[in-house]
Amino acid sequence: MNDVLARVRALHTLWQRGVADLSAEQANHVEREGVLPIAFTLVHYVRGEDANAIDVLDAKGLLWDEHAPRFGHEGIIPARGSALADAERVRIRDMDAWRAYQSAVFARTERLLASATGELLDRVMFDGQRPPSLKGGFLDAYVPEGPIRRRNAIEAWFFQHGSRHLGELEHARALVGLGGLT
């Protein structure tokens, strides 16, 4: 697990860098219809990691519930398959409060990954039955047959998913006049 933890920590470092100088105006900027604001990417990935920590790492409750009133989330909680019109309306009002939430989520994930046991990581998910929602996603492609274990979900939902959306964040930063992350 140390290699996964190292990858996730590095990924988190880039995510933290990606929001360090981001204003609410920049996070909520809509380049044009059909192009999602940075706020979508932030809420989608970080809120997703918050929820996945419960399902995969046995975290106790969503940090979102405590933090969302502070950063002023507007719109849906975007998930795979969200309607584009709904996803375009996601907003964050207070970026300092957002950064506190994001930091809390990342710190918890890293702490839980550092203490994860082989027994926890090897547990089969979904009672061995793949939910239809996985079809066509990275986890389904990564483990095309057989049981999906928590270690597989960690690789897919924390690292690969985070890497994909980090690319969106980096590109979107260019659209609002900010530089890259590396």
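Everything here concerns the structure above.
Okay, so let's go over this structure. Just so it is clear, the structure is predicted and the values come from calculations on it, not from any experiment. (Residues numbered from 1 in each chain as written. Predicted model: local features only at pLDDT ≥ 70, side-chain atom pairs only at ≥ 80, totals over all residues. Heavy atoms only, no water.)

1. As for the overall build of the protein
Point 1. Along its length, the protein carries nine helices and two strands.
Point 2. Starting at the N terminus and ending at the C terminus, the protein contains elements arranged as α-α-α-α-β-α-β-α-α-α-α.
Point 3. In terms of overall dimensions, the protein is globule-like: its C-alpha atoms have a radius of gyration of 16 Å, near the 16 Å expected for 182 residues.
Point 4. Expressed along its principal axes, the backbone C-alpha trace of the protein runs to roughly 45 × 30 × 30 Å.
Point 5. Burial status across the protein gives 46% buried among its 182 residues.
Point 6. When contacts within the protein are restricted to residue pairs at least 6 apart in sequence, those whose partners lie at least 24 apart make up 73%.
Point 7. When the accessible surface of the protein is summed, it comes to about 8,900 Å², and 51% of that surface belongs to carbon and sulfur atoms.
Point 8. Across the protein, 22 positive and 25 negative side-chain charges occur, with their mean positions spaced 3 Å apart. (Helix = DSSP H or I, 4+ residues; strand = E, 2+ residues; numbered from the N terminus. Rg over C-alpha atoms; globule rule 2.2 N^0.38 Å. Buried < 20%, exposed > 50% of the residue type's maximum accessible area, 1.4 Å probe, protein only. Contact = heavy atoms within 4.5 Å. Areas by Shrake-Rupley, 256 points an atom, 1.4 Å probe, with all protein chains shown as cover. Lys, Arg positive; Asp, Glu negative; His and termini not counted. Charge placed at Lys NZ, Arg CZ, Asp CG, Glu CD.)

2. A short note on helix α9 (residues 150-175)
Point 1. Over its 26 residues, α9 extends 36 Å from the first C-alpha to the last, a length consistent with the 38 Å expected when each residue adds 1.5 Å.
Point 2. The principal kink in α9, of about 30°, is found at Gly 162.
Point 3. Just beyond α9, the residue with positive phi is Gly 177, at close to 85°. (Expected span 1.5 Å × (residues − 1). Bend = angle between axes of the 7 residues up to and from the residue.)

3. With respect to helix α4 (residues 64-71)
Point 1. Considered for burial, the residues of α4 that qualify are Trp 64, His 67, Ala 68 and Phe 71. Seen end-on, α4 carries its buried residues on one side only, within an arc spanning 110°. Residues Asp 65 and Pro 69 are exposed on α4 and point more than 90 degrees away from its buried face.
Point 2. Taken together, the buried residues of α4 touch α3 (38-57), β1 (73-74), β2 (91-92) and α6 (95-115).
Point 3. Gly 72, located one to two residues past α4, shows a positive phi value of around 70°. (Arc of directions from axis to C-beta.)

4. Thoughts on the packing of aromatic side chains
Point 1. Evaluated as defined, the whole model comprises eight aromatic pairs.
Point 2. Arranged with centres 4.9 Å apart and planes meeting at 25°, the rings of Trp 15 and Tyr 45 form a pair that is stacked. Pair noted here: Trp 15 is in helix α1 (residues 2-20) and Tyr 45 is in helix α3, with a separation of 30 residues, a long-range link. Both residues of the pair, Trp 15 and Tyr 45, belong to the buried class.
Point 3. Ring geometry for Trp 98 and Tyr 101: centres 5.2 Å apart, planes at 65°, overall edge-to-face. (Phe/Tyr/Trp six-rings, centres within 6.5 Å; stacked < 30°, edge-to-face > 60°.)

5. Details of the nonpolar core
Point 1. The biggest cluster of nonpolar side chains holds 53 residues, and the ones touching the most others in it are Leu 42, Trp 98 and Trp 157.
Point 2. Elements represented by at least two residues in this core include exactly α1, α3, α4, α6, α7 (118-121) and α9.
Point 3. Per-element tally for this core: the top contributor is α3, with ten residues.
Point 4. Excluding residues that lie within four positions of it along the chain, Trp 98 makes contacts with Val 19, Leu 42, Val 43, Val 46, Trp 64, Phe 71 and Ile 92. (Core = buried A, V, L, I, M, F, W, Y, C linked by side-chain atoms within 4.5 Å.)

6. Focus: unusual backbone geometry
Point 1. Despite not being glycine, Asp 58 has its phi angle at roughly 60°, a positive value.
Point 2. Unlike most non-glycine residues, Phe 126 shows phi in positive territory, near 60°.
Point 3. Here Phe 126 shows up in the loop between α7 and α8 (138-142).

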